[in-house]
There are 4 protein chains.
Amino acid sequence: MSSTTSPAHARRRTRASTENERFGRPSSGWRQRGFDIIFESDTRPGQLFDIVLLVVILASVLVVSLDSVRDLGRENRTTFIVLEWGFTLLFTVEYVARLLCVRHPLRYARSFFGIVDLIAVLPTYLAFFFPELHLLIDIRVLRMLRVFRILKLTPYLSEYAFLASALYASRRKIMVFLSGVLMVQVLLGTVMYVVEGPENGFTSIPLSIYWGITTMTTVGFGDLVPHTNLGRAIASFMMLLGWGILAVPTGIVTAEMAGRRMRGDVLLRECETCGTTGHSQSALYCQDCGASMTPPDR
Amino acid sequence: MSSTTSPAHARRRTRASTENERFGRPSSGWRQRGFDIIFESDTRPGQLFDIVLLVVILASVLVVSLDSVRDLGRENRTTFIVLEWGFTLLFTVEYVARLLCVRHPLRYARSFFGIVDLIAVLPTYLAFFFPELHLLIDIRVLRMLRVFRILKLTPYLSEYAFLASALYASRRKIMVFLSGVLMVQVLLGTVMYVVEGPENGFTSIPLSIYWGITTMTTVGFGDLVPHTNLGRAIASFMMLLGWGILAVPTGIVTAEMAGRRMRGDVLLRECETCGTTGHSQSALYCQDCGASMTPPDR
Amino acid sequence: MSSTTSPAHARRRTRASTENERFGRPSSGWRQRGFDIIFESDTRPGQLFDIVLLVVILASVLVVSLDSVRDLGRENRTTFIVLEWGFTLLFTVEYVARLLCVRHPLRYARSFFGIVDLIAVLPTYLAFFFPELHLLIDIRVLRMLRVFRILKLTPYLSEYAFLASALYASRRKIMVFLSGVLMVQVLLGTVMYVVEGPENGFTSIPLSIYWGITTMTTVGFGDLVPHTNLGRAIASFMMLLGWGILAVPTGIVTAEMAGRRMRGDVLLRECETCGTTGHSQSALYCQDCGASMTPPDR
Amino acid sequence: MSSTTSPAHARRRTRASTENERFGRPSSGWRQRGFDIIFESDTRPGQLFDIVLLVVILASVLVVSLDSVRDLGRENRTTFIVLEWGFTLLFTVEYVARLLCVRHPLRYARSFFGIVDLIAVLPTYLAFFFPELHLLIDIRVLRMLRVFRILKLTPYLSEYAFLASALYASRRKIMVFLSGVLMVQVLLGTVMYVVEGPENGFTSIPLSIYWGITTMTTVGFGDLVPHTNLGRAIASFMMLLGWGILAVPTGIVTAEMAGRRMRGDVLLRECETCGTTGHSQSALYCQDCGASMTPPDR
């Protein structure tokens, strides 16, 4: 199954470039086939492998969760232990297979998913010596990030890229905004500590700041509540303020998304020949240089 | 009343096509008249029937609700029983009438509303044998979805279609977003379980995840609350994170709606001859086929 | 002071047309002067009157509020009684003056503000006979709506009109949306009643619906909380759903506002000669017919 | 180091104009060097000074916060006292240095940051005589606003300016909106006081208004909760109303931001020669003066 020159292969090359370039696809033999199954997801067996893997990860996370429920955990002690060791052995085999089917195993071991894959199996082994590490097993949920690997083949990828790039473009605005909010929190938290004081439950400034965040994000647990009239007035002010500035992150992200959408859909298609922007999606020729433009296929 | 060739009838045909095509309008007689009254809503009696039906459904839901209020339910036991059986008989008659006035009764029985209509009357009968099924009667509220049938005749339909299509177009983005949020929840829920532990009320991982959802959606019931300093710090982080990412679904839906509105109102006027979009509001000729375009009059 | 032909008067005419046309400005004498002071706000004394009135209304609302505080109310019993009767007499005099200074007193008495002005003084008098009516005095806060009268002279009016018209244009979408949300509430409220039951505090279906609204609007009082695992799972679903659909009304209003802003500011300046839209704010000549365009002065 | 004619200096001039023009940069000697280090942040030592200052401010705020935690504060009494006096002396030295290195010390002393710098050191000294003033030390957090000084050199400044100007442009709309919301609060708060009454915890009208704000901002502490059926119905209405109008401030800010973004990115490119705006991204010549325009390179 070495369709090196077919167009289908060319298509795969482009899509799978990340793993291919970084870890190196073995040139032939069972290691190549293993790489295509484990790391790629554009062949039938490759897709199947990814789906099975996701189901197994989900099941292992579910087992750890249910194990923590007191009654369930006590009654089915052995079942849970067997299941957990089963999943751990499975993941260990998979981890070794990944190392074997790659031209540069060290590069994989040091990559993000390489580290995640390793620390997904470590807790069970380490729990022999340090039983409290047992719970870290739930870090396995991070492995589910691979779900986006499968999504690569579906229209979900562009949606994901759209969301990610809109959030990435807004990161500076959101950081400026959050740092301002946190300064306001520290100030108002201190004021509430002075006004309400330890006799009303505001026992320290950090606790008052925690309460302030609870209030301004409109969560409002109610475990800590102002009891003096001045405290209630300040709390009312904080709530209205929090309500008002809730609009800001929303505005930032929305404006970014709407702007992108407009540019992408309506206004800013760019001519690949002369670089002029401002063409509509249906334009067939560049407004400026007359070069032919291929409309996007979606 | 067989105005087969009048323009009013043609108009009705188009609007009522769904029921007409799927279940078949009887060709004549009392069954045709029944169909026009029960299934259509563009004649006087048809509209009246729909309005009366809605009022009756609302009343029956109200009766079930009030019946559940302890004091009311005990005092007016017989009144409620009589009312409930009244409504059930009424709905049974209506269900049978719907079956009779349609050319393909089975198609109706298997349609969404056919099933809803059936299970709206079943609980009362089944409550003879299984009294606890009694409460399922409130499923009758689903029948109120028919309200959109009446809306068909009003300008509300386009608003409804606008909302529905904007949400439908955003479904993939929202699913990608929600799956990401859920993964974060599982991770942070486990961390909170480890940090706070059963002695502070976080008795299991599923409960911690439930608490995490409570916190990040800014609901904040307050039945479960962090008590350690580290737990409070993580909770503060989760609240600010939840606040920040609350912006994302809003941004998705808003950008979709604003984009649609712009396209519809300002930028993407469609040529009625060749269907090409992307014309400005002031365009006099189609960019593609050169057909004359009449600018909108608003 | 009968500047009937001055441009200042013409300006006033336009602005004050509402009261003038509906109630009739007396043609001369002290009644005309009274009308200008009480009903208009474009002369010095007229503005002063409106501001003093607002301060007095605010003070009277404050007095009623403070009176309700138990300790304050008991200690300063007589002070509050004197103040309340003072405000009531003042408002009564003002009400009579309004009736006198108008050509059609009955039209004023039946207008919105005429009724509000009347029921703002009635409770104090009626409290002689029905003491519990005393608290209705706070209806005086409605009189503060007159604040928008003063705003007429400031740039706030256009902002107010912008907000009001954007909300008005979105009313149908919001109603369709709210009716859908309420149906979901009734259904899920019933489900929660069945799942949690009276033993966990969900004593009736209306109470469960109230809890559902509390949860889906992310208010989360915490007085009612699910205790079973199934109930918590449903609650989690409801919270995420509420979070998601919180985006919808925001999207509706934002898209409306953004659309308006774009049309107004950037894209849709209309040529008054030929009616072509799509001119930029700085355009000096119509793109289509070459007619001269006066740029807006803001 | 008097590089008066170098382009690097010219660049600095422009950036640092605020402090330079207002307080006066000394013409030579150690005072000039001190000014460059303390007030400017475009030389190496100047940047270092600002970063060290921020870290020290953060540390001093942290110390005050931790001091308020009961157990920590009691155990490390002397450590905290020494640290606080250390920070206070440091800030006093810095304050005197600022006064010395400036041509017009009084102008600095009366500027916003001059006053903040003074009241950041005063509480420790005044706490000798009035111990309760001790807590006001946290006002030091205001000094952190200087962080935006460092941001001047980074791309964060434009983001900050964007956020600030969008909020500033929306201020009138938000004020009109907030005043309307507050009037509704006073009315509904009074209604809830009448309906629920002191026996259900609503002991006064101001408290009911506080509860109303708690509810409509979706904070929902749960310390005060309606107990009557009518009260719950009104609360449900208030929650849905609060949910709906949460959309308004979001809409205001978002529409403002999206509008700005569109103008800036897509539609309103400015001519560098005559300053006319409103050019499309693809424009090659100014619409007004015909000067050649270079399209942006992004």
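Along each chain, residues carry numbers from 1 onward, in the same order as the chain's sequence is written. Starting at A for chains and at 1 for ligands, labels are handed out in the order in which the entities are written. This being a predicted model, a pLDDT of at least 70 is required before a residue's local features are given, and a value of 80 or more before pairs of side-chain atoms are given or counted; all residues contribute to the totals for chains, interfaces and linings. The side-chain figures draw on all heavy atoms in the structure; neither hydrogens nor water molecules are used.

Novice: Explain the overall build of chain A here, please?
Specialist: Numbering of helices and strands starts at the N terminus; helices are DSSP runs of H or I of at least 4 residues and strands are runs of E of at least 2. On a plain count of helices and strands, chain A comes out with 13 helices and zero strands. Counting from the amino terminus, chain A carries its helices and strands in the arrangement α-α-α-α-α-α-α-α-α-α-α-α-α. Here's how the labels work: a residue is buried when its accessible area is under 20% of the maximum for its type, exposed when over 50%, partly exposed in between, all with a 1.4 Å probe on protein chains only. Buried residues in chain A amount to 49% of all 298 residues. Any two residues whose heavy atoms approach within 4.5 Å at even a single point are treated as in contact. Sequence separation of at least 24 residues holds for 54% of the intrachain contacts in chain A that already meet a minimum separation of 6. Total accessible area computed for chain A in this model is approximately 14200 Å², and 66% of it derives from carbon and sulfur atoms. Residue burial considers only the protein chains on display, and all accessible areas are found by Shrake-Rupley using a 1.4 Å probe.

Novice: I would appreciate a short explanation of unusual backbone geometry in the present structure.
Specialist: Glycine aside, the phi torsion of most residues is negative, and most peptide linkages are trans. All names here are of chain A. Of note in this structure, Thr218 is not a glycine but carries a positive phi near 60°. Tracing the backbone shows Thr218 in the loop between α12 (205-216) and α13 (229-267). Judged by relative accessible area, Thr218 falls into the buried class, the value being 3%.

Novice: Can you walk me through the nonpolar core in this structure?
Specialist: As a rule of thumb, nonpolar side chains are buried together in soluble globular proteins. We define the nonpolar core as a collection of buried residues of types Ala, Val, Leu, Ile, Met, Phe, Trp, Tyr and Cys that are connected through side-chain atoms lying within 4.5 Å of one another. Counting 164 residues, the largest nonpolar core has A:Met257, B:Met257, C:Met257 and D:Met257 as its most contacted members. Ignoring anything within four residues of it in the chain, the contact list for A:Met257 reads A:Phe162, A:Leu163, A:Ala166, B:Val248, B:Gly251, B:Ile252 and B:Ala255.

Novice: What is the right way to read the environment of D:Arg22 from this model?
Specialist: Residue and element names in this part refer to chain D. With respect to the secondary-structure elements, Arg22 resides in helix α2 (residues 17-23). Judged by its relative accessible area of 43%, Arg22 is partly exposed. For the pair Arg22 and Thr218, spaced 196 residues apart in the sequence, the C-alpha separation amounts to 45 Å. When near neighbours in sequence (up to four residues on either side) are disregarded, Arg22 contacts His104, Arg107 and Ser111.

Novice: Looking at this structure, how should I read the environment of C:Ser60?
Specialist: All names here are of chain C. If you trace the backbone, Ser60 turns up in helix α4 (residues 44-68). Classification of Ser60 as buried rests on a relative accessible area of 1%. For the pair formed by Ser60 and Val181, sequence separation is 121 residues and the distance between their alpha carbons is 39 Å. Setting aside anything within four residues of it in sequence, one finds Ser60 in contact with Phe87, Phe91 and Arg140.

Novice: What is the right way to look at helix α6 (residues 77-100) of chain D in this model?
Specialist: An α-helical turn contains 3.6 residues, so any two residues separated by three or four positions project in the same direction. Residue and element names in this part refer to chain D. Between its terminal C-alpha atoms α6 stretches 35 Å, which fits the 34 Å expected from 24 residues at 1.5 Å a residue. Restricting attention to buried positions, one finds in α6 the residues Phe80, Glu84, Phe87, Thr88, Phe91, Glu94, Tyr95 and Arg98. Considering only its buried residues, α6 is in contact with α3 (29-38), α4 (44-68), α5 (70-75), α7 (105-110) and α8 (112-126). Here, expected helix span is obtained from the residue count minus one, scaled by 1.5 Å.

Novice: Hey, could you run me through the pattern of salt bridges in this one?
Specialist: For side chains bearing opposite charge, pairing can occur when the charged atoms are close. Residue and element names in this part refer to chain A. Within this document, salt bridges are pairs made up of a side-chain nitrogen of Lys or Arg and a carboxyl oxygen of Asp or Glu, the two lying within 4 Å of each other. Considering all chains together, one arrives at twelve salt bridges over all chains under this definition. Arg98 is paired through a salt bridge with Glu94; the nearest N and O atoms lie 2.6 Å apart. Highlighted residues: Arg98 and Glu94, both in helix α6 (residues 77-100), separated by four residues, approximately one helical turn. Accessibility expressed as a relative area gives 1% for Arg98, which makes it buried. Note that Arg98 is salt-bridged to Asp117, the shortest N-O span being 3.7 Å. With Arg98 in helix α6 and Asp117 in helix α8 (residues 112-126), this pair connects stretches of sequence that are 19 residues apart. Assessed through its relative accessible area of 2%, Asp117 is described here as buried. One network of salt bridges, in which partners are shared, links Glu94, Arg98 and Asp117.

Novice: What am I meant to see in the packing of aromatic side chains here?
Specialist: Any two aromatic rings considered together are summarised by their centre-to-centre distance and by the angle between their planes. Residues and elements named next belong to chain A. For this analysis, a ring pair means two rings from Phe, Tyr or Trp (six-membered ring only for Trp) whose centres lie within 6.5 Å, classed as stacked if their planes differ by under 30 degrees, edge-to-face if by over 60, and tilted for the remaining angles. The full count for this structure, using the stated rule, is 32 aromatic pairs over all chains. Clustering of aromatic rings is evident, with ring pairs tying together Phe23, Phe35, Phe39, Tyr95 and Tyr108. Each ring is checked for a lysine NZ or an arginine CZ that lies within 6 Å of its centre and within 35 degrees of its normal; such an atom marks a charge sitting over the ring. Positioned over the ring face of Phe39 is Arg98, at 5.2 Å from the centre of the ring.

Novice: Would you mind going over the packing of helix α3 (residues 29-38) of chain B against helix α4 (residues 44-68) of chain B with me for this structure?
Specialist: Axes are the key here: two packed helices are described by the angle between their axes and the distance separating the axes. All names here are of chain B. Helix axes are fitted to C-alpha atoms over the stretch in contact, other axes to C-alpha atoms as well, and angles between N-to-C directions run from 0 to 180 degrees. Contact pair α3 / α4: the axes reach a minimum separation of 7 Å and the direction vectors enclose 55°. Of the possible angle classes, the one that applies to α3 and α4 is oblique. Across the interface between the two elements, Asp36, Ile37 and Ile38 of α3 pack against Pro45, Gly46, Phe49 and Asp50 of α4. By the definition adopted for this analysis, an angle is roughly parallel if under 35 degrees, roughly antiparallel if over 145, roughly perpendicular if from 65 to 115, and oblique otherwise.

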